[in-house]
Each structure stands twice: as structure tokens, then as C-alpha cells.
Amino acid sequence: MKHFWLVNSILFQIAWFSCAYLQASAVPILVVCVILHFYLSPSKKDDLMSLRLCLFGIIVDQALIILGVFTTNADSIPLWLMLLWSLLVLSLNHSLRFLQQMPIAIVALIGAVAGPLSYTAALTMGAVNSDLSTFSFTS
């Protein structure tokens, strides 16, 4: 599929907003997104191999939950968050492929900004909770 990067981007956006608004109820939507990704992907084997990377995100989020940085309705990392990590990792070979052409320092800077913004949005939308204070751009 010539423009699969666009399909991948749309699937990830559907997944992210589903998680933000529905949390555990988003699991069926996320499963469909993963299935559609693999059904349509021109690089199924590479995508499957890249899924190992989602373990890093899952471990970090589990540690953040254990440390009380953020909480969910479960004592451990919920399935919807693990599936979201999977879809993010699947984006690395497609809609986020442009990051591979950038210097590592720029990629790290993008991650240092985009990651916290994503968690802040999730907090604001009620997908996760935290006792830590957050900053606000409005007064």
C-alpha cells in the first residue's frame, strides 16, 4: 500500500483518542487497529519484530504506576495502555519514519517534549490520574 504511513497515522490517532476518552472500554477498538495495521501493512515481518520495543514503554509506565507518579483504575499497567504502546511502536516504521532521518539529539528533544505533553493531555482528559501538580498554560 503506497500511502500506508497515512493509514498508520490515522489508526494511531484513533487509538490514542479512544484510550484518552474510553480507557478500558477502548480495548476492542485498539485490537481492531492492531489487526488493521497488520492486515494492511507492507512490512508485516519488520513490524512484528519492532513490537519488542513496546516492552520498554510498558516497563517505564509500570514503574511510574508503582511509584505513584500516575494511577489508573488498575493496580498494574492496564491492557489499553499496553496496546497503545504497541500502536506507537508500530508507527515508528511508518508515520514516524521521518524520525529515523534526524540526528539523535533532535529525536531525543522531540521525545522529551512530545512524551510529557501526551501524558499531560491524558491527565487533562481523565485517562490517568496523578497526585503530582501539573502546570497550566492558562491562568
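Above this text sits the structure in question.
> Let's hear about the overall build of the chain: which residues, and what values?
Each helix and strand counted, the chain has six helices and zero strands in total. Beginning at the N terminus, the succession of helices and strands in the chain can be written as α-α-α-α-α-α. The C-alpha atoms of the chain give 15 Å as radius of gyration, which agrees with the globular expectation for 139 residues (14 Å, within 12%). Referenced to the eigenvectors of the C-alpha coordinate spread, the extents of the chain come out at roughly 45 × 35 × 30 Å. Per-residue burial for the chain yields a buried fraction of 35% across its 139 residues. Taking all contacts inside the chain whose residues are at least 6 apart in sequence as the whole, residues at least 24 apart take part in 67%. By element, 71% of the accessible surface of the chain is carried by carbon and sulfur atoms, the whole surface being about 8800 Å². Within the chain, one finds 5 positive and 5 negative side-chain charges whose respective centroids are separated by 22 Å.

> Describe the packing of aromatic side chains, naming the residues involved and giving the relevant values.
Tallied over the entire structure, the rule returns two aromatic pairs. Consider the rings of Trp-16 and Phe-17, whose centres lie 5.1 Å apart with planes at 80°: the pair is edge-to-face. Among the residues examined, Trp-16 registers a relative accessible area of 14% and is labelled buried.

Thresholds applied
Residues numbered from 1 in each chain as written. Predicted model: local features only at pLDDT ≥ 70, side-chain atom pairs only at ≥ 80, totals over all residues. Heavy atoms only, no water. Helix = DSSP H or I, 4+ residues; strand = E, 2+ residues; numbered from the N terminus. Rg over C-alpha atoms; globule rule 2.2 N^0.38 Å. Buried < 20%, exposed > 50% of the residue type's maximum accessible area, 1.4 Å probe, protein only. Contact = heavy atoms within 4.5 Å. Areas by Shrake-Rupley, 256 points an atom, 1.4 Å probe, with all protein chains shown as cover. Lys, Arg positive; Asp, Glu negative; His and termini not counted. Charge placed at Lys NZ, Arg CZ, Asp CG, Glu CD. Phe/Tyr/Trp six-rings, centres within 6.5 Å; stacked < 30°, edge-to-face > 60°.

Remember that the coordinates give geometry; whether it matters functionally is a separate question.
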